[in-house]
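# Secondary and tertiary structure notes
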Amino acid sequence: MFSTGRPLFSASLRRAARPLARQAALRPTPFLTVFQQRLLSDHTRQAIEKAVSSAPVVLFMKGTPETPQCGFSRASIQILSLQGVNPAKFAAFNVLEDEELRSGIKEFSDWPTIPQLYLDKEFVGGCDILVSMHQDGSLAKLLEEKGVLAPLDGPSNS
Amino acid sequence: MASETPMEDAIRTKVTEALSPSRLEIFNDSHKHAHHKPMQGSTSGETHFRVVITSEAFRSKMQPARHRLVYGLLRDEMAADGGIHALQLRTMTPEEEERQKAKEEAEKA
């Protein structure tokens, strides 16, 4: 699991829950070299593409799912949890850990704010879009179609 | 005298000019977030906004495209140091607003 082939950013729920120092130590390639606002380097783009495809459901957020550092990130996590997204199919990336990710994802998605949700590598939206899709039922439909919900019978123990 | 609400003014002017909204409501929620860590040292009272826009310009556009349209209009305000930190958006077409109203009425009844 700790091969160099894994995503540059700390990925899974479980990994996001670890203390920051430990995460940084586990990260094979330090991801904090160049600060670029407008020009996304190939390196950044590739790292973000990897992050986006690291799970069917990917949330770029401030803080971790357990301790969100922003109310909008918290609301997004709560919605995904209410919807019953399977933790095994979910990855969260903490942009506060990494300035290059924080600025890079904004340009990558052409979206100026965090959180950002991706589903099957496709940008879905930010917190307001999640909330309105949650309310009108379209999020439940989409998540079910994509097959990313936890099985209903029995608790998931992943 | 300079406006005391330059950000709100900018939102109103730019959205009105570009989208000719039939409804435009701007709420300044900055006071609710003033204690947040990223706001430390910020002297601006205009960091968090909630904006409701109803416009024909949103027709046949999905929500992300609508939000991008508005973000694009306010690019400078959002990029500026001490500028807009958070922008909550509700974007509807006139028909969607009507449907929403009808739904709310039905729920009240």
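Keep in mind that this is a model prediction, so the values were computed, not measured.

Taken together, the contact pairs 13 residues of chain B with 12 residues of chain A. Taken together, the two surfaces of chain B and chain A that pack against each other cover about 1200 Å², and 61% of this comes from carbon and sulfur. Scanning the region where chain B abuts chain A turns up one salt bridge. In this assembly, chain B and chain A are joined by four residue pairs in polar contact (both at pLDDT 80 or more). Those elements that provide at least two residues to the side of chain B that touches chain A are helix H3 (63-73), helix H4 (75-79) and strand E3 (86-92) of chain B. Residue composition of the side of chain B that touches chain A, by class: six nonpolar, five polar and two charged.

Right, let's get into the pattern of salt bridges. Residue and element names in this part refer to chain B. One pass over the structure, following the stated rule, counts 14 salt bridges over all chains. The residue Glu97 makes a salt bridge to Arg23 at a minimum N-O spacing of 3.2 Å. Taken as a pair, Glu97 in helix H5 (residues 94-108) and Arg23 in strand E1 (residues 23-28) lie far apart in primary sequence, 74 residues in all. According to the relative accessible area criterion, Glu97 is buried, its value standing at 9%.

To continue, consider the packing of aromatic side chains. Per the counting criterion, the structure on display carries six aromatic pairs over all chains. Aromatic side chains Phe60(A) and Phe93(A) sit 5.4 Å apart centroid to centroid with 20° between the ring planes, which places their arrangement in the stacked category. Note that Phe60(A) is positioned in strand E1 (residues 57-61) and Phe93(A) in strand E2 (residues 90-94), a separation of 33 residues in sequence. Accessibility expressed as a relative area gives 0% for Phe60(A), which makes it buried. We classify Phe93(A) as buried; its relative accessible area is 1%. Residues Phe60(A) and Tyr118(A) carry aromatic rings whose centres are separated by 6.0 Å and whose planes lie at 80° to one another, so their mutual orientation is edge-to-face. You can see Phe60(A) sitting in strand E1 and its partner Tyr118(A) sitting in strand E3 (residues 116-119), a full 58 residues away along the chain. Across the pair, exposure class does not vary: Phe60(A) and Tyr118(A) are buried alike. Through a chain of ring-to-ring contacts, three or more aromatic side chains come together here, namely Phe60(A), Phe93(A), Phe108(A), Trp111(A), Tyr118(A), Phe123(A) and Tyr71(B).

Here is what the cut-offs are and how they apply
- Residues numbered from 1 in each chain as written.
- Chains lettered and ligands numbered in written order.
- Predicted model: local features only at pLDDT ≥ 70, side-chain atom pairs only at ≥ 80, totals over all residues.
- Heavy atoms only, no water.
- Contact = heavy atoms within 4.5 Å.
- Buried area = accessible area lost by both parts, 1.4 Å probe.
- Salt bridge = Lys/Arg side-chain N within 4 Å of Asp/Glu carboxyl O.
- Polar contact = N/O pair within 3.5 Å; in protein donor to acceptor, adjacent residues only side chain to side chain.
- Helix = DSSP H or I, 4+ residues; strand = E, 2+ residues; numbered from the N terminus.
- Nonpolar A, V, L, I, M, F, W, Y, C, P; charged D, E, K, R; others polar.
- Buried < 20%, exposed > 50% of the residue type's maximum accessible area, 1.4 Å probe, protein only.
- Phe/Tyr/Trp six-rings, centres within 6.5 Å; stacked < 30°, edge-to-face > 60°.

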